[in-house]
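Here is how the chains run, residue by residue.
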Amino acid sequence: MRKKDFDVKDLSLATEGKLKIGWAGRQMPVLRSIKDRFAKEKTLKGLTIGACLHITSETANLLITLKAGGAKVVASASNPLSTQDNVAASLVRDYKIPTYAIKGEDSKTYYSHLNNVLDYNPQITMDDGADLVNLLHTKRKNLIKNIIGSSEETTTGVIRLKAMEKDGALKLPVIAVNDSDTKHLFDNRYGTGQSTVDGIIRATNVLLAGKNFVVAGYGWCSRGIAMRANGMGANVVITEINPVRALEAAMDGYRVMRINDAAKIGDIFVSATGDKHVISLEIIKLMKDGAVVANSGHFDVEIDMAGLEKIKKSKRRIRPSLDEYVLKNGKKIYILGEGRLVNLAAAEGHPAEVMDMSFANQALAAEYLVKNKGKLSPKVYVLPKEIDDKIAMLKLTSMGISIDKLTKEQSKYLSSWQEGTK
Ligand code: ADE
């Protein structure tokens, strides 16, 4: 491959990357079945697909699937800290997929990598956080005319895209992969749940049992985090702004309180709301000495890191992904993964079993965009329910689980209204 076709840390890491990609692939049977079909049908023949996703072993399996379908695939990272450098190296050396991603890249390099992807003039783009779509609508507008459509992986990205649609600013159709049931009910909940706890443990090795574990938000990601922390014996506290979600959290058995009150008792804090400055300086100042603070939302805005940098007396790295901030009053606060997505910065992201369904949705979104080329308006779409159900059935089959079918009589009953109380 030409030197300008990639920017990765070290190609000599490729051998361990390839092993990791193979291991993840073993746990991704749904994606594998799509890959086999794509390889036969050449579903994506002749297309260029630009992907801005976390460069992990699971994403590698998605990119390989798209390539098997006949597409030229080009990738960059969707977060400066989430790249697995060995996987990026293997994508370049073993799979000949142009890849621009280096763990720890600065913001300038991050955006130059996104531009590298767009330089290939893709007809389909894939985002995790809407950064490619954002560039396409700001600095690279001339490329939009070539684009069939995009797909978006995460809640935060979908919120952005819906805001663009509402403002009339969106100029291309987007599939909100996040909104498929087989994505958010599993990836956001069980994936974020396990990988966030994994990140906290890898960064700190603290015991969760008996700790006051504060989770900001009670969306699908927060639910997963709360459930897993609870399972490990932590005392989970939820903070919310949405009354229905707060009520659900309370009836799920968690303590629910205002974040100012939670700040005073928490040992570990995780924010997963998608909003900004949820863990503000005011909240940080209320925390106990030794509090551990992490972000599991897509962007690094949930903790006021810039504010913390300004008020700190000193800072030092204690372990990988664990920074100690000493405040003016001598109190120490521990920030994980520089306030970026803790599950990807301090661990390896979601396990392959859930990414199997998320990336089956991504692959089928690409196919859907091609099949419906020219028919879709510049709006945010969800994949049809039949595709969602198909993915769920394939996953169940791969797990050796069979389920029942409605009888004719039952189907008829469900679509009739004449039969009432007997
Ligand atoms: N998002 C969360 N976990 C991920 C993973 N393992 N690969 C790609 N994107 C992810």
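Before reading further, recall that the structure is shown in the block above.
As the structure is a computational prediction, the values presented were derived from the model and not from experiment. (Residues numbered from 1 in each chain as written. Predicted model: local features only at pLDDT ≥ 70, side-chain atom pairs only at ≥ 80, totals over all residues. Heavy atoms only, no water.)

Caption draft 1: Spatial organisation of the packing of aromatic side chains. Evaluated as defined, the whole model comprises four aromatic pairs. Ring centres of Y100 and Y120 lie 6.4 Å apart, and the angle between their planes is 55°; on these two criteria the pair is classed as tilted. Within this pair, whereas Y100 is found in strand β3 (residues 99–100), its partner Y120 is found in the loop between α5 (107–118) and β4 (124–127), the two being separated by 20 residues in sequence. With relative accessibility at 17%, the residue Y120 sits in the buried group. Taken together, a centroid distance of 6.0 Å and an interplanar angle of 70° make the contact between Y218 and Y254 edge-to-face. Residue Y218 is located in the loop between β7 (212–216) and α9 (220–231), and its partner Y254 is located in the loop between α10 (243–251) and β9 (255–256); the two are separated by 36 residues in the primary sequence. Look at Y218 and you get buried, because its relative accessible area is 2%. Exposure remark for Y254: the relative accessible area of 10% places this residue in the buried category. Seen from the ring of W220, R223 lies directly overhead, with NZ or CZ sitting 5.0 Å from the centre. (Phe/Tyr/Trp six-rings, centres within 6.5 Å; stacked < 30°, edge-to-face > 60°. Helix = DSSP H or I, 4+ residues; strand = E, 2+ residues; numbered from the N terminus. Buried < 20%, exposed > 50% of the residue type's maximum accessible area, 1.4 Å probe, protein only. Lys NZ or Arg CZ within 6 Å of the ring centre and 35° of its normal.)

Caption draft 2: Quick peek at the layout of surface pockets. Considering only enclosed or pocket space, the second largest pocket measures out at about 260 Å³ in volume. In this structure, the second largest pocket is lined by 16 residues; those nearest its centre are E58, E348, H350, P351 and A352. Those elements that provide at least two residues to the lining of the second largest pocket are α1 (14–26), α3 (57–68), α8 (181–204) and α15 (352–371). Considering every element that reaches the lining of the second largest pocket, the biggest residue donor is α8, with four residues. Of the residues in the lining of the second largest pocket, the class split is four nonpolar, six polar and six charged. (1 Å grid on protein atoms, 1.4 Å probe; cavity = no way out; pocket = protein on both sides within 12 Å on 5 of 7 lines; lining within 4 Å. Points joined across faces, edges and corners; volume = space filled by probe spheres on them. Nonpolar A, V, L, I, M, F, W, Y, C, P; charged D, E, K, R; others polar.)

Caption draft 3: Representation of the packing of α1 against α3 within the structure. For the pair α1 and α3, the least separation of the axes is 8 Å and the interaxial angle reads 80°. The angle between α1 and α3 falls in the class roughly perpendicular. Listed contacts from α3 to K20, I21, A24 and G25 of α1 are S57, E58, A60, N61 and I64. Along the lines of polarity and charge, the residues of the contact of α1 with α3 split into four nonpolar, three polar and two charged. (Axes fitted to C-alpha atoms, helices over the stretch in contact; angles between N-to-C directions. Parallel < 35°, antiparallel > 145°, perpendicular 65-115°, else oblique. Contact = heavy atoms within 4.5 Å.)

Caption draft 4: Looking closely at the side chain of N79. Assignment of secondary structure puts N79 in the loop between β2 (72–76) and α4 (85–93). Using a relative accessible area of 5% as the deciding quantity, one classes N79 as buried. At 2.8 Å, the side chain of N79 forms a polar contact with the backbone nitrogen of L81. In this structure, N79 is in contact with H54, Y110, H298, R340 and L341, ignoring residues within four places of it in sequence. (Polar contact = N/O pair within 3.5 Å; in protein donor to acceptor, adjacent residues only side chain to side chain.)

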